[in-house]
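Single-letter residue listing:
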Amino acid sequence: MNKFPSAKEKTDLRVETYIKDWNWDAASHEFALQMGAFLLQFIDHLRSSGLSQKTIRKHEANCWLIGAFECDYGDHDVFTPALFLGGGPAFLYEFKRKVSASQYALTSYKSTWCKIEKYVKTLAHDNAGH
C-alpha cells in the first residue's frame, strides 16, 4: 500500500533535513527545530517577494549559516524570533573564520540578517493586531 506523506509530515521532514547538523541532544534538537522552521518560513516569504532566484539562493545559504551559527554559538535555551532584533548581524567573526573573509560574502550575510530582522518586525507588527 502506498502512503503519501501529509503536508505536516512533508514539513517536518523538510525541517529535519534542514537542521540535521545543528543539534547534538534533545534540548538542542528542539531549539534547532524551532529555528529551522522559522528560517524556512522566512525563505518561503522571500520566494514570494519577487527577488531573483540568484538572490534567493544567496539568502538561503546565509539562512542556513545563521541557523547553524545560532545553534552552535548562540547563548539561548529557547528559540524566539526576537533573538534577531536589536543586536545587528551576529557571528561575524565565525563567518569570517569558517566561511569567507571577503567583503562581498560578508555584506551578503549581513544583508540576510537585516532582512530577517525586518521580517521579525513585520511579524510582530502583524501579531499586534495591525
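Here, every reference points to the structure presented above.
From a predicted model like this one, the values you see are computed outputs, not experimental measurements.

Draft legend 1. Representation of the overall build of the chain. Helix and strand content of the chain: 5 helices and 0 strands. Starting at the N terminus and ending at the C terminus, the chain contains elements arranged as α-α-α-α-α. Burial analysis of the chain (130 residues in total) assigns 33% to the buried set. Counting contacts in the chain only where the partners sit at least 6 residues apart, residues at least 24 apart contribute 64% of the total. Approximately 8100 Å² of the chain is accessible, and the part contributed by carbon and sulfur atoms is 56%.

Draft legend 2. Examining the nonpolar core more closely. Ranked by size, the top nonpolar core spans 31 residues in total, and within it Tyr18, Trp22, Met35, Phe38, Leu39, Phe84 and Ile116 carry the most contacts. Elements with a contribution of two residues or more to this core: α1 (7-18), α2 (26-47), α3 (53-73) and α5 (103-127). Considering each element in turn, this core owes the most residues, 9 residues, to α2. Those residues within four positions of isoleucine 116 in sequence are excluded, and the remaining contacts are Phe38, Leu39, Phe42, Cys63, Ile66 and Phe84.

Draft legend 3. Layout of the pattern of salt bridges. By the definition in use, this model includes 4 salt bridges. Across the pair arginine 47 and aspartate 44 runs a salt bridge, and its minimum N-O distance is 3.0 Å. On the criterion of helical spacing, the pair formed by arginine 47 and aspartate 44 is a turn pair, its members being 3 residues apart in helix α2. For aspartate 44, a relative accessible area of 33% puts it in the partly exposed group. When the shortest N-O distance is used, the salt bridge between arginine 47 and glutamate 60 registers 2.3 Å. One end of the pair, arginine 47, is in helix α2; the other, glutamate 60, is in helix α3, and 13 residues separate them in sequence. A residue is classified by how much of its surface remains accessible, and arginine 47, at 43% relative accessible area, is partly exposed. Judged by relative accessible area, which is 21%, glutamate 60 ranks as partly exposed. Residues joined in a network through salt bridges with shared partners are Arg14, Asp44, Arg47 and Glu60.

Rules used throughout
Residues numbered from 1 in each chain as written. Predicted model: local features only at pLDDT ≥ 70, side-chain atom pairs only at ≥ 80, totals over all residues. Heavy atoms only, no water. Helix = DSSP H or I, 4+ residues; strand = E, 2+ residues; numbered from the N terminus. Buried < 20%, exposed > 50% of the residue type's maximum accessible area, 1.4 Å probe, protein only. Contact = heavy atoms within 4.5 Å. Areas by Shrake-Rupley, 256 points an atom, 1.4 Å probe, with all protein chains shown as cover. Core = buried A, V, L, I, M, F, W, Y, C linked by side-chain atoms within 4.5 Å. Salt bridge = Lys/Arg side-chain N within 4 Å of Asp/Glu carboxyl O.

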